[in-house]
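Chain by chain, the residues:
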Amino acid sequence: MTSRRRTRLRKARAPVSLAEKMAAPGPGEYFSVGSHVSCLTCLGQRLQGEVVAFDYPSKMLTLKCPSSSGKPNLSDVILVNLAYVSDVDVINDRTETPPPLASLNISKLANRARTEKEDKLSQAYAISAGVSVEGQQLFQTIHKTIKDCKWQEKNIIVMDDVVISPPYQVENCKGKEGSALSHIRKIVEKHFKDVESQKSMQRTQAQQTQKDSSLSS
């Protein structure tokens, strides 16, 4: 059964006592998991999605919204502080018990966290070693497809077989001749072609913007 109700949220006030925070929520102040709501932020942004979680004491609402990437198999999860929301329109109020939460793959999450940490440490090392921006960007491009990639001072070491030294061009790729070296050289060549193409596009857009501005004035 679909129901609809609008909640006008009270303005933020002075901090309340623990007893007040633990008091039972009043009518229209609680949002059930699985309900679909639409809310208007203080910035005038309209958010609409399914309630994933709601913490009454802190007034934090978690919404699952359609993905901003447009991919149907993905969703955006947004944390909404109701202290900065003017009103909430409950489009579909769910009253039945929500399904149990899906189990988490702790091992997979731990591996992802470790990988992210290693990547950040690698970036920090490159910056502290004085590696150029071009070198850092190339490293990130290679690392997307070849994880066995690390820094040795200012040199990029790939699979312990190929060394790419500054200024990180195709001719700076050294190693034993073979498929590995050839593959790395192709990655480097394509990377700089893509960078140049992007810069050319940005210059064209800037020129067009300047031209439009001149015509309008």
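Structure first, text after, so check above.
Below: a short report on this structure. (Residues numbered from 1 in each chain as written. Predicted model: local features only at pLDDT ≥ 70, side-chain atom pairs only at ≥ 80, totals over all residues. Heavy atoms only, no water.)

Before going further, it helps to spend a moment on the overall build of the protein. When its secondary structure is counted, the protein shows 4 helices and 10 strands. The proportion of buried residues among the 217 residues of the protein is 25%. When the accessible surface of the protein is totalled, it reaches about 15400 Å², and 55% of it is carbon and sulfur. (Helix = DSSP H or I, 4+ residues; strand = E, 2+ residues; numbered from the N terminus. Buried < 20%, exposed > 50% of the residue type's maximum accessible area, 1.4 Å probe, protein only. Areas by Shrake-Rupley, 256 points an atom, 1.4 Å probe, with all protein chains shown as cover.)

Judged by pairing direction, the sheet is antiparallel, and its 4 strands sit side by side in the order β7-β8-β9-β10 without closing on themselves. Lying at the two open borders of the sheet, with one neighbouring strand each, are β7 (149-152) and β10 (173-175). Averaged over neighbouring strand pairs, the angle between their axes works out to 30 degrees when direction is ignored. Relative to strand β8 (residues 155-158), β7 is paired through 4 bridges, and the arrangement is antiparallel. In the strand pairing of β8, C149 is matched with V158. (Pairing = 2+ DSSP bridges. Axes fitted to C-alpha atoms, helices over the stretch in contact; angles between N-to-C directions.)

This paragraph deals with a nonpolar patch on the surface. Nonpolar side chains collect at one region of the surface, where L104, I106 and L109 lie side by side and expose about 320 Å² of accessible area between them. Examined against the element boundaries, L109 turns out to sit in helix α2 (residues 106-128). (Patch = residues over 30% accessible without salt bridge, like charges linked within 9 Å, V, L, I, M, F, W, Y side chains within 5 Å. Salt bridge = Lys/Arg side-chain N within 4 Å of Asp/Glu carboxyl O.)

Look at α2 against helix α3 (residues 133-145): their axes get within 11 Å of each other, and the N-to-C directions meet at 155 degrees. The orientation of α2 with respect to α3, classified from their angle, is roughly antiparallel. Of the two possible hands of crossing, α2 and α3 adopt the one that is right-handed. Note on element contacts: α3 touches α2 through Q136, F139, Q140 and H143, opposite D119, S122, Q123, A126 and I127. Looking at the contact of α2 with α3, its residues break down into 3 nonpolar, 5 polar and 1 charged. (Parallel < 35°, antiparallel > 145°, perpendicular 65-115°, else oblique. Left-handed = near helix turned anticlockwise from the far one by under 90°. Contact = heavy atoms within 4.5 Å. Nonpolar A, V, L, I, M, F, W, Y, C, P; charged D, E, K, R; others polar.)

Core analysis: the biggest nonpolar cluster contains 19 residues, and L138, I142, I156, V158, I164, Y168 and I184 have the highest contact counts within it. For this core, the elements supplying multiple residues, two or more each, are α3, β7, β8, β9 (162-164) and α4 (179-216). Considering every element that reaches this core, the biggest residue donor is α4, with 5 residues. Excluding its chain neighbours within four sequence positions, the residues that come into contact with Y168 are V131, S132, G135, L138, W151, K154, I156, V188 and F192. (Core = buried A, V, L, I, M, F, W, Y, C linked by side-chain atoms within 4.5 Å.)

Bear in mind that shape data such as this cannot, by itself, settle questions of function.
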